[in-house]
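The residues making up each chain are set out below.
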Amino acid sequence: MRLLKDFDQKDLTAIGKELYRFATDLYPVCRSITGDGIRQTLAAIQNRIPLQISEVATGTEVFDWTVPKEWNIRDAYIKDGHGKRVVDFQRCNLHVLNYSTPIRKKMPLRELSPHLFSIPERPDWIPYRTSYYQENWGFCLSHNQMLSLEDGEYDVCVDSTLADGHLTYGECYFPGRSTDEVLISCHACHPSLANDNLSGLSVATSLAQLLSGRKLRYSYRFVFVPGTIGAITWLARNQEEVASIRHGLVLTGIGDNGGFHYKKSRRGNTEIDRAAAHVMKHCGEPSEVLDFSPYGYDERQYCSPGFNLPVGCLMRSVWGTFPEYHTSADNLDFIHPMQLARSLRVCVGIVDVLENNRRYRNLSPYCEPQLGKRNLYRSTGGESIGTEINARLWLLNLSDGENSLLDIAERSGLPFPTINNATELLCQGGLLAAVHEGEASESATAGISPKH
Ligand SMILES: [Zn+2]
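Everything numeric in this text was worked out from a predicted model, so none of it was measured.

## Considerations on the sheet that holds strand β17 (residues 359-362)
Here is step 1: With respect to topology, three strands assemble into an open sheet ordered β18-β17-β19, the strand pairing being antiparallel. The open sheet has two edge strands with one neighbour each: β18 (400-404) and β19 (432-434). This sheet shows a mean twist of 35° between the axes of neighbouring strands, independent of strand direction.
Here is step 2: Sheet analysis places β17 next to β19, joined by three bridges and oriented antiparallel. If you follow Y360 over to β19, its bridge partner there is A434.

In C-alpha coordinates:
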(Lines give C-alpha, C1' and ligand atoms only; values in the text may rest on other atoms or scores of the structure.)
Protein backbone atom coordinates (compact mmCIF):
# COMPACT_ATOMS: atom_id res chain seq x y z
CA MET A 1 0.00 0.00 0.00
CA ARG A 2 1.49 3.32 -1.08
CA LEU A 3 -0.52 5.64 1.12
CA LEU A 4 2.22 8.19 1.70
CA LYS A 5 3.28 8.28 -1.97
CA ASP A 6 -0.30 8.96 -3.01
CA PHE A 7 -0.70 11.57 -0.29
CA ASP A 8 2.41 13.39 -1.48
CA GLN A 9 0.85 13.76 -4.94
CA LYS A 10 -1.85 15.92 -3.39
CA ASP A 11 -1.82 19.66 -2.76
CA LEU A 12 -0.90 20.10 0.91
CA THR A 13 -2.19 23.69 0.97
CA ALA A 14 -5.63 22.60 -0.23
CA ILE A 15 -5.66 19.76 2.32
CA GLY A 16 -4.80 22.24 5.09
CA LYS A 17 -7.62 24.56 4.05
CA GLU A 18 -10.09 21.69 4.15
CA LEU A 19 -8.91 20.49 7.57
CA TYR A 20 -9.16 24.02 8.92
CA ARG A 21 -12.62 24.52 7.41
CA PHE A 22 -13.93 21.43 9.18
CA ALA A 23 -12.51 22.67 12.51
CA THR A 24 -14.13 26.06 11.80
CA ASP A 25 -17.52 24.43 11.14
CA LEU A 26 -17.36 22.52 14.44
CA TYR A 27 -15.95 25.39 16.50
CA PRO A 28 -19.21 27.10 17.58
CA VAL A 29 -20.87 23.89 18.84
CA CYS A 30 -21.24 23.66 22.63
CA ARG A 31 -19.96 20.14 23.17
CA SER A 32 -19.77 18.27 26.44
CA ILE A 33 -19.32 14.65 27.54
CA THR A 34 -23.01 14.03 26.79
CA GLY A 35 -25.81 15.85 25.00
CA ASP A 36 -26.73 17.37 21.68
CA GLY A 37 -23.39 19.17 21.15
CA ILE A 38 -21.43 15.93 20.82
CA ARG A 39 -24.31 14.40 18.78
CA GLN A 40 -24.16 17.32 16.35
CA THR A 41 -20.37 16.93 16.12
CA LEU A 42 -20.60 13.20 15.44
CA ALA A 43 -23.29 13.86 12.82
CA ALA A 44 -20.92 16.26 11.04
CA ILE A 45 -18.20 13.58 11.06
CA GLN A 46 -20.78 11.05 9.83
CA ASN A 47 -21.38 13.27 6.78
CA ARG A 48 -17.79 12.50 5.79
CA ILE A 49 -17.12 8.94 6.96
CA PRO A 50 -19.35 5.93 7.76
CA LEU A 51 -19.67 6.47 11.49
CA GLN A 52 -21.70 4.10 13.67
CA ILE A 53 -23.20 6.06 16.53
CA SER A 54 -23.86 4.43 19.91
CA GLU A 55 -26.00 5.73 22.75
CA VAL A 56 -25.36 4.38 26.25
CA ALA A 57 -27.97 5.06 28.91
CA THR A 58 -27.36 7.15 32.02
CA GLY A 59 -26.66 4.89 34.97
CA THR A 60 -24.89 2.20 32.93
CA GLU A 61 -21.98 0.88 34.94
CA VAL A 62 -18.69 0.95 33.05
CA PHE A 63 -15.90 -0.56 35.12
CA ASP A 64 -15.56 1.66 38.19
CA TRP A 65 -17.58 4.49 36.63
CA THR A 66 -21.22 5.18 35.86
CA VAL A 67 -22.52 6.89 32.72
CA PRO A 68 -23.65 10.30 34.01
CA LYS A 69 -26.85 12.21 33.42
CA GLU A 70 -27.11 13.92 30.04
CA TRP A 71 -26.47 17.65 29.93
CA ASN A 72 -28.00 20.07 27.45
CA ILE A 73 -27.99 23.84 27.39
CA ARG A 74 -30.01 26.46 25.49
CA ASP A 75 -28.92 29.73 27.05
CA ALA A 76 -27.07 31.28 29.97
CA TYR A 77 -26.39 34.85 31.03
CA ILE A 78 -25.74 37.27 33.83
CA LYS A 79 -27.78 40.48 33.45
CA ASP A 80 -26.97 43.65 35.35
CA GLY A 81 -29.49 45.97 37.01
CA HIS A 82 -30.28 47.57 33.62
CA GLY A 83 -31.18 44.22 32.07
CA LYS A 84 -27.99 44.16 29.99
CA ARG A 85 -26.30 40.78 29.45
CA VAL A 86 -22.85 41.36 30.92
CA VAL A 87 -21.93 37.69 30.53
CA ASP A 88 -23.58 35.96 27.59
CA PHE A 89 -23.37 32.28 26.60
CA GLN A 90 -24.61 33.24 23.13
CA ARG A 91 -21.38 35.17 22.53
CA CYS A 92 -19.06 32.40 23.77
CA ASN A 93 -20.04 28.98 25.06
CA LEU A 94 -17.00 28.89 27.38
CA HIS A 95 -18.86 31.46 29.54
CA VAL A 96 -20.86 28.74 31.20
CA LEU A 97 -19.29 26.19 33.53
CA ASN A 98 -19.64 23.04 31.39
CA TYR A 99 -22.25 20.74 33.00
CA SER A 100 -23.68 23.66 34.99
CA THR A 101 -26.97 22.78 36.69
CA PRO A 102 -29.93 25.05 35.84
CA ILE A 103 -30.51 28.20 37.85
CA ARG A 104 -32.72 31.28 37.50
CA LYS A 105 -32.31 33.74 40.33
CA LYS A 106 -31.66 37.37 41.20
CA MET A 107 -28.74 37.74 43.58
CA PRO A 108 -26.19 40.26 44.84
CA LEU A 109 -22.60 40.11 43.61
CA ARG A 110 -21.31 38.54 46.83
CA GLU A 111 -23.61 35.54 46.30
CA LEU A 112 -22.66 35.31 42.63
CA SER A 113 -18.88 35.66 43.12
CA PRO A 114 -18.11 32.12 44.36
CA HIS A 115 -19.61 30.86 41.07
CA LEU A 116 -17.37 32.99 38.83
CA PHE A 117 -14.09 31.70 37.37
CA SER A 118 -11.33 33.74 35.72
CA ILE A 119 -7.57 33.63 35.11
CA PRO A 120 -5.91 36.62 36.83
CA GLU A 121 -2.59 36.01 34.98
CA ARG A 122 -4.35 36.19 31.61
CA PRO A 123 -6.92 38.91 32.26
CA ASP A 124 -8.37 38.93 28.72
CA TRP A 125 -8.98 35.21 28.36
CA ILE A 126 -12.00 33.16 29.41
CA PRO A 127 -11.12 29.88 31.14
CA TYR A 128 -12.69 26.55 30.17
CA ARG A 129 -13.99 24.83 33.29
CA THR A 130 -16.14 21.76 33.84
CA SER A 131 -18.00 20.21 36.75
CA TYR A 132 -19.09 16.81 35.45
CA TYR A 133 -19.18 14.77 38.61
CA GLN A 134 -20.05 17.39 41.21
CA GLU A 135 -23.28 19.26 40.61
CA ASN A 136 -22.61 22.97 40.52
CA TRP A 137 -23.47 26.03 38.47
CA GLY A 138 -21.11 28.75 37.38
CA PHE A 139 -19.77 31.16 34.80
CA CYS A 140 -16.34 31.67 33.32
CA LEU A 141 -15.27 35.14 32.28
CA SER A 142 -12.19 37.19 31.62
CA HIS A 143 -10.56 38.59 34.74
CA ASN A 144 -11.02 42.13 33.43
CA GLN A 145 -14.72 41.46 32.98
CA MET A 146 -14.90 40.08 36.51
CA LEU A 147 -13.22 43.19 37.94
CA SER A 148 -15.67 45.42 36.08
CA LEU A 149 -18.70 43.89 37.83
CA GLU A 150 -20.09 46.44 40.26
CA ASP A 151 -21.95 45.75 43.45
CA GLY A 152 -25.64 45.33 42.90
CA GLU A 153 -28.29 42.81 41.96
CA TYR A 154 -27.72 40.45 39.03
CA ASP A 155 -30.21 38.35 37.16
CA VAL A 156 -28.53 34.94 36.79
CA CYS A 157 -29.79 32.32 34.37
CA VAL A 158 -28.46 28.96 33.24
CA ASP A 159 -31.13 27.42 31.02
CA SER A 160 -29.78 23.88 31.04
CA THR A 161 -31.06 20.39 31.75
CA LEU A 162 -29.25 17.61 33.58
CA ALA A 163 -31.39 14.52 33.35
CA ASP A 164 -31.39 10.83 32.54
CA GLY A 165 -30.41 10.36 28.91
CA HIS A 166 -27.42 8.95 27.07
CA LEU A 167 -23.71 9.16 26.46
CA THR A 168 -22.97 9.22 22.72
CA TYR A 169 -19.91 8.05 20.85
CA GLY A 170 -19.04 7.27 17.24
CA GLU A 171 -17.02 4.51 15.64
CA CYS A 172 -15.86 3.86 12.09
CA TYR A 173 -14.37 0.56 10.97
CA PHE A 174 -12.50 -0.32 7.77
CA PRO A 175 -11.75 -4.02 7.42
CA GLY A 176 -8.34 -5.03 6.12
CA ARG A 177 -6.82 -8.37 5.09
CA SER A 178 -6.05 -9.05 8.74
CA THR A 179 -8.50 -8.75 11.62
CA ASP A 180 -5.63 -7.23 13.60
CA GLU A 181 -6.58 -3.63 14.21
CA VAL A 182 -5.14 -0.16 14.29
CA LEU A 183 -7.07 2.11 16.66
CA ILE A 184 -7.28 5.87 16.16
CA SER A 185 -9.01 7.65 19.05
CA CYS A 186 -10.02 11.28 19.58
CA HIS A 187 -11.94 13.05 22.31
CA ALA A 188 -14.89 15.06 21.05
CA CYS A 189 -16.23 16.67 24.22
CA HIS A 190 -14.72 20.15 24.39
CA PRO A 191 -16.84 23.18 23.41
CA SER A 192 -15.22 26.07 21.48
CA LEU A 193 -11.60 24.97 21.80
CA ALA A 194 -9.72 24.57 18.55
CA ASN A 195 -6.46 22.77 19.21
CA ASP A 196 -7.73 20.71 22.11
CA ASN A 197 -10.16 18.38 20.37
CA LEU A 198 -11.07 19.99 17.02
CA SER A 199 -7.60 19.59 15.49
CA GLY A 200 -7.64 15.88 16.34
CA LEU A 201 -11.20 15.39 15.11
CA SER A 202 -10.47 17.08 11.81
CA VAL A 203 -7.20 15.20 11.13
CA ALA A 204 -8.65 11.81 12.21
CA THR A 205 -11.69 12.30 9.96
CA SER A 206 -9.44 13.07 6.98
CA LEU A 207 -7.20 10.10 7.75
CA ALA A 208 -10.29 7.88 7.73
CA GLN A 209 -11.30 9.37 4.36
CA LEU A 210 -7.84 8.59 2.98
CA LEU A 211 -8.09 4.94 4.12
CA SER A 212 -11.65 4.47 2.93
CA GLY A 213 -11.93 2.13 -0.06
CA ARG A 214 -8.27 1.10 0.04
CA LYS A 215 -6.89 -2.40 0.21
CA LEU A 216 -5.48 -2.47 3.71
CA ARG A 217 -3.23 -4.87 5.56
CA TYR A 218 -4.73 -4.04 8.97
CA SER A 219 -8.29 -3.28 9.90
CA TYR A 220 -8.75 0.29 11.12
CA ARG A 221 -11.06 1.50 13.85
CA PHE A 222 -11.63 5.20 14.47
CA VAL A 223 -13.38 6.13 17.69
CA PHE A 224 -14.68 9.57 18.57
CA VAL A 225 -15.57 9.63 22.25
CA PRO A 226 -16.12 12.02 25.10
CA GLY A 227 -12.81 12.20 27.00
CA THR A 228 -12.24 9.76 29.88
CA ILE A 229 -15.82 8.54 30.47
CA GLY A 230 -16.30 7.92 26.74
CA ALA A 231 -13.10 5.90 26.36
CA ILE A 232 -13.95 3.99 29.54
CA THR A 233 -17.46 3.29 28.22
CA TRP A 234 -16.15 2.18 24.83
CA LEU A 235 -13.59 -0.13 26.47
CA ALA A 236 -16.20 -1.58 28.83
CA ARG A 237 -18.45 -2.45 25.89
CA ASN A 238 -15.60 -3.88 23.80
CA GLN A 239 -13.55 -5.62 26.43
CA GLU A 240 -13.07 -8.80 24.36
CA GLU A 241 -12.69 -7.14 20.96
CA VAL A 242 -9.83 -4.85 21.97
CA ALA A 243 -7.54 -7.90 22.04
CA SER A 244 -7.32 -7.38 18.24
CA ILE A 245 -5.70 -3.97 18.63
CA ARG A 246 -2.07 -4.20 17.48
CA HIS A 247 -1.31 -0.50 17.23
CA GLY A 248 -3.11 2.63 18.42
CA LEU A 249 -2.87 6.39 18.41
CA VAL A 250 -4.68 9.05 20.38
CA LEU A 251 -4.74 12.22 18.27
CA THR A 252 -5.09 15.60 19.92
CA GLY A 253 -3.64 19.10 19.92
CA ILE A 254 -2.09 18.82 16.48
CA GLY A 255 -3.02 22.13 14.88
CA ASP A 256 -0.83 24.68 16.69
CA ASN A 257 2.63 26.01 15.79
CA GLY A 258 4.51 23.75 18.20
CA GLY A 259 6.77 20.88 17.18
CA PHE A 260 5.57 17.29 17.40
CA HIS A 261 5.41 15.31 20.61
CA TYR A 262 4.72 11.62 20.78
CA LYS A 263 3.94 10.09 24.15
CA LYS A 264 4.87 6.43 24.19
CA SER A 265 2.52 3.64 25.17
CA ARG A 266 2.85 2.15 28.65
CA ARG A 267 4.82 -0.74 27.12
CA GLY A 268 7.21 1.81 25.67
CA ASN A 269 8.80 -0.13 22.81
CA THR A 270 5.93 -1.31 20.67
CA GLU A 271 5.86 -0.98 16.91
CA ILE A 272 3.62 2.12 17.07
CA ASP A 273 6.08 3.75 19.48
CA ARG A 274 8.95 3.10 17.10
CA ALA A 275 6.96 4.01 13.97
CA ALA A 276 5.79 7.33 15.43
CA ALA A 277 9.30 8.25 16.63
CA HIS A 278 10.79 7.32 13.25
CA VAL A 279 8.28 9.28 11.18
CA MET A 280 8.57 12.36 13.41
CA LYS A 281 12.37 12.27 13.22
CA HIS A 282 12.24 12.48 9.43
CA CYS A 283 9.27 14.88 9.10
CA GLY A 284 11.36 18.04 8.87
CA GLU A 285 9.93 19.64 12.00
CA PRO A 286 11.20 19.63 15.59
CA SER A 287 9.94 16.63 17.50
CA GLU A 288 10.31 14.93 20.84
CA VAL A 289 9.42 11.50 22.19
CA LEU A 290 8.01 11.46 25.70
CA ASP A 291 7.83 8.55 28.09
CA PHE A 292 4.47 7.21 29.16
CA SER A 293 2.82 8.82 32.16
CA PRO A 294 -0.56 7.97 33.68
CA TYR A 295 -2.06 11.40 32.98
CA GLY A 296 -2.95 13.10 29.72
CA TYR A 297 -5.65 12.00 27.28
CA ASP A 298 -7.43 8.70 26.67
CA GLU A 299 -4.19 6.75 26.28
CA ARG A 300 -4.52 6.58 30.08
CA GLN A 301 -7.51 4.28 29.68
CA TYR A 302 -6.12 2.24 26.76
CA CYS A 303 -2.85 1.80 28.68
CA SER A 304 -4.47 0.97 32.04
CA PRO A 305 -2.87 -2.25 33.34
CA GLY A 306 -5.89 -4.45 32.61
CA PHE A 307 -5.69 -3.54 28.91
CA ASN A 308 -2.08 -2.40 28.44
CA LEU A 309 -2.74 -1.75 24.77
CA PRO A 310 -0.01 -0.51 22.43
CA VAL A 311 -1.53 2.99 22.17
CA GLY A 312 0.49 6.22 22.17
CA CYS A 313 -0.53 9.85 21.86
CA LEU A 314 0.48 12.21 19.05
CA MET A 315 0.41 15.93 19.82
CA ARG A 316 2.12 19.14 18.84
CA SER A 317 2.36 21.36 21.95
CA VAL A 318 1.81 19.21 25.02
CA TRP A 319 -1.41 19.88 26.92
CA GLY A 320 -0.98 22.05 29.99
CA THR A 321 2.39 23.41 28.87
CA PHE A 322 1.12 26.34 26.78
CA PRO A 323 -0.83 29.25 28.28
CA GLU A 324 -3.68 29.01 25.76
CA TYR A 325 -4.54 25.48 26.98
CA HIS A 326 -8.15 25.29 28.24
CA THR A 327 -8.85 28.97 27.59
CA SER A 328 -10.64 31.07 25.00
CA ALA A 329 -7.22 31.71 23.43
CA ASP A 330 -7.25 28.12 22.10
CA ASN A 331 -9.34 29.49 19.28
CA LEU A 332 -9.27 29.38 15.48
CA ASP A 333 -6.25 31.74 15.45
CA PHE A 334 -4.28 29.27 17.53
CA ILE A 335 -4.46 26.52 14.90
CA HIS A 336 -3.20 26.78 11.33
CA PRO A 337 -4.20 25.06 8.08
CA MET A 338 -0.63 24.07 7.19
CA GLN A 339 0.08 22.67 10.66
CA LEU A 340 -3.04 20.51 10.43
CA ALA A 341 -1.96 19.31 6.98
CA ARG A 342 1.56 18.48 8.16
CA SER A 343 0.10 16.62 11.14
CA LEU A 344 -2.09 14.60 8.80
CA ARG A 345 1.02 13.81 6.76
CA VAL A 346 2.79 12.48 9.86
CA CYS A 347 -0.26 10.29 10.61
CA VAL A 348 -0.23 9.03 7.02
CA GLY A 349 3.51 8.34 7.37
CA ILE A 350 2.91 6.31 10.53
CA VAL A 351 0.14 4.27 8.87
CA ASP A 352 2.42 3.79 5.87
CA VAL A 353 5.07 2.28 8.15
CA LEU A 354 2.55 -0.02 9.85
CA GLU A 355 1.13 -1.16 6.53
CA ASN A 356 4.50 -1.89 4.94
CA ASN A 357 6.68 -2.97 7.83
CA ARG A 358 7.63 -6.56 7.09
CA ARG A 359 10.66 -8.79 7.21
CA TYR A 360 12.42 -9.81 4.00
CA ARG A 361 15.04 -12.35 3.15
CA ASN A 362 18.06 -11.70 0.97
CA LEU A 363 17.98 -14.41 -1.70
CA SER A 364 21.66 -13.89 -2.57
CA PRO A 365 23.25 -13.57 0.86
CA TYR A 366 26.81 -14.77 0.12
CA CYS A 367 28.77 -11.59 -0.54
CA GLU A 368 27.15 -8.63 -2.24
CA PRO A 369 25.12 -9.50 -5.28
CA GLN A 370 26.19 -7.71 -8.45
CA LEU A 371 23.66 -4.93 -8.77
CA GLY A 372 24.88 -3.64 -12.14
CA LYS A 373 24.07 -6.78 -14.10
CA ARG A 374 20.51 -6.65 -12.74
CA ASN A 375 20.19 -2.99 -13.72
CA LEU A 376 19.92 -2.11 -10.01
CA TYR A 377 22.86 0.27 -10.00
CA ARG A 378 20.75 3.03 -11.43
CA SER A 379 18.62 5.84 -10.04
CA THR A 380 14.85 5.70 -10.08
CA GLY A 381 14.88 9.47 -9.94
CA GLY A 382 13.28 9.56 -6.52
CA GLU A 383 16.32 10.43 -4.45
CA SER A 384 20.02 10.93 -5.02
CA ILE A 385 21.66 7.82 -6.44
CA GLY A 386 23.89 7.70 -3.35
CA THR A 387 20.90 7.44 -1.04
CA GLU A 388 19.17 4.90 -3.25
CA ILE A 389 22.21 2.61 -3.47
CA ASN A 390 22.81 3.05 0.23
CA ALA A 391 19.24 1.89 0.96
CA ARG A 392 19.68 -1.15 -1.34
CA LEU A 393 22.93 -2.13 0.38
CA TRP A 394 21.45 -1.79 3.86
CA LEU A 395 18.44 -3.84 2.83
CA LEU A 396 20.51 -6.60 1.31
CA ASN A 397 22.77 -6.72 4.33
CA LEU A 398 20.12 -6.71 7.03
CA SER A 399 17.39 -8.72 5.31
CA ASP A 400 18.14 -11.99 7.05
CA GLY A 401 14.50 -12.67 7.82
CA GLU A 402 14.97 -11.22 11.32
CA ASN A 403 15.08 -7.48 10.77
CA SER A 404 11.95 -5.62 9.77
CA LEU A 405 12.03 -2.70 7.34
CA LEU A 406 11.60 -0.39 10.33
CA ASP A 407 14.64 -2.00 12.00
CA ILE A 408 16.60 -1.37 8.81
CA ALA A 409 15.35 2.22 8.48
CA GLU A 410 16.34 2.92 12.08
CA ARG A 411 19.76 1.32 11.82
CA SER A 412 20.61 2.92 8.47
CA GLY A 413 19.30 6.34 9.47
CA LEU A 414 17.33 6.42 6.23
CA PRO A 415 13.64 7.35 6.13
CA PHE A 416 11.21 4.45 5.92
CA PRO A 417 9.84 5.44 2.47
CA THR A 418 13.38 5.29 1.02
CA ILE A 419 13.84 1.79 2.42
CA ASN A 420 10.36 0.80 1.26
CA ASN A 421 11.01 2.01 -2.32
CA ALA A 422 14.28 0.10 -2.44
CA THR A 423 12.53 -3.02 -1.16
CA GLU A 424 10.14 -2.97 -4.09
CA LEU A 425 12.98 -2.66 -6.54
CA LEU A 426 15.04 -5.47 -5.00
CA CYS A 427 12.01 -7.75 -4.92
CA GLN A 428 11.44 -7.04 -8.62
CA GLY A 429 15.12 -7.79 -9.22
CA GLY A 430 14.75 -11.18 -7.55
CA LEU A 431 17.11 -10.35 -4.69
CA LEU A 432 14.60 -10.08 -1.83
CA ALA A 433 11.54 -12.05 -0.83
CA ALA A 434 9.04 -11.22 1.87
CA VAL A 435 8.92 -13.48 4.89
CA HIS A 436 5.33 -14.58 5.13
CA GLU A 437 3.46 -13.02 8.01
CA GLY A 438 3.34 -15.46 10.88
CA GLU A 439 6.33 -17.42 9.59
CA ALA A 440 8.76 -18.10 12.43
CA SER A 441 11.93 -16.07 12.18
CA GLU A 442 14.14 -19.17 12.74
CA SER A 443 12.77 -20.92 9.68
CA ALA A 444 13.16 -17.69 7.72
CA THR A 445 16.86 -17.62 8.50
CA ALA A 446 17.22 -21.34 7.86
CA GLY A 447 15.57 -20.79 4.50
CA ILE A 448 18.52 -18.83 3.18
CA SER A 449 20.26 -20.99 0.66
CA PRO A 450 23.26 -20.37 -1.61
CA LYS A 451 21.35 -21.90 -4.50
CA HIS A 452 19.35 -18.71 -4.84
ZN1 LIG B 1 -8.77 19.33 27.25
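The rest of the description comes next.
## Quick word on the coordination of the zinc ion
Here is step 1: Protein coordination of the zinc ion is provided by H190 (NE2), D196 (OD) and H326 (NE2), with donor distances spanning 2.0 to 2.1 Å.
Here is step 2: In the primary structure, the donors to the zinc ion are separated according to the pattern H-x5-D-x129-H.
Here is step 3: Judged by its relative accessible area of 2%, D196 is buried.

## Here's the deal with the environment of R2
Here is step 1: Inspection of the secondary structure assignment puts R2 in the segment before α1 (3-8).
Here is step 2: Sequence spacing of R2 and V353 is 351 residues, and the spatial spacing of their C-alpha atoms is 10.0 Å.
Here is step 3: Once you skip the residues sitting within four places of it in the chain, R2 turns out to touch R214, D352, N420, N421 and E424.
Here is step 4: One polar contact links R2 to N421, side chain to side chain, over a distance of 2.6 Å.

## Examining the packing of aromatic side chains
Here is step 1: Under the counting rule described, the total for this entry stands at twelve aromatic pairs.
Here is step 2: Where Y99 meets Y132, the ring centres are 5.4 Å apart and the plane angle is 90°; that geometry is what we call edge-to-face. Placement of Y99 in the loop between β5 (85-88) and β6 (103-108) and of Y132 in the loop between β7 (116-117) and β8 (139-140) is noted, with a sequence separation of 33 residues between them.
Here is step 3: By relative accessible area, Y99 is classed as buried at 2%.
Here is step 4: Relative to Y302, the ring of W234 lies with its centre 6.3 Å away and its plane at 75°, an arrangement referred to as edge-to-face. Of this pair, W234 sits in helix α7 (residues 229-237) while Y302 sits in helix α9 (residues 299-302), and the two are 68 residues apart along the sequence.

What counts as what
Residues numbered from 1 in each chain as written. Predicted model: local features only at pLDDT ≥ 70, side-chain atom pairs only at ≥ 80, totals over all residues. Heavy atoms only, no water. Pairing = 2+ DSSP bridges. Helix = DSSP H or I, 4+ residues; strand = E, 2+ residues; numbered from the N terminus. Axes fitted to C-alpha atoms, helices over the stretch in contact; angles between N-to-C directions. Donors = N, O, S within 2.8 Å, 3.2 Å for Na, K, Ca; no water. Buried < 20%, exposed > 50% of the residue type's maximum accessible area, 1.4 Å probe, protein only. Contact = heavy atoms within 4.5 Å. Polar contact = N/O pair within 3.5 Å; in protein donor to acceptor, adjacent residues only side chain to side chain. Phe/Tyr/Trp six-rings, centres within 6.5 Å; stacked < 30°, edge-to-face > 60°.

Without other data, these values stay purely geometric and don't point to any function.
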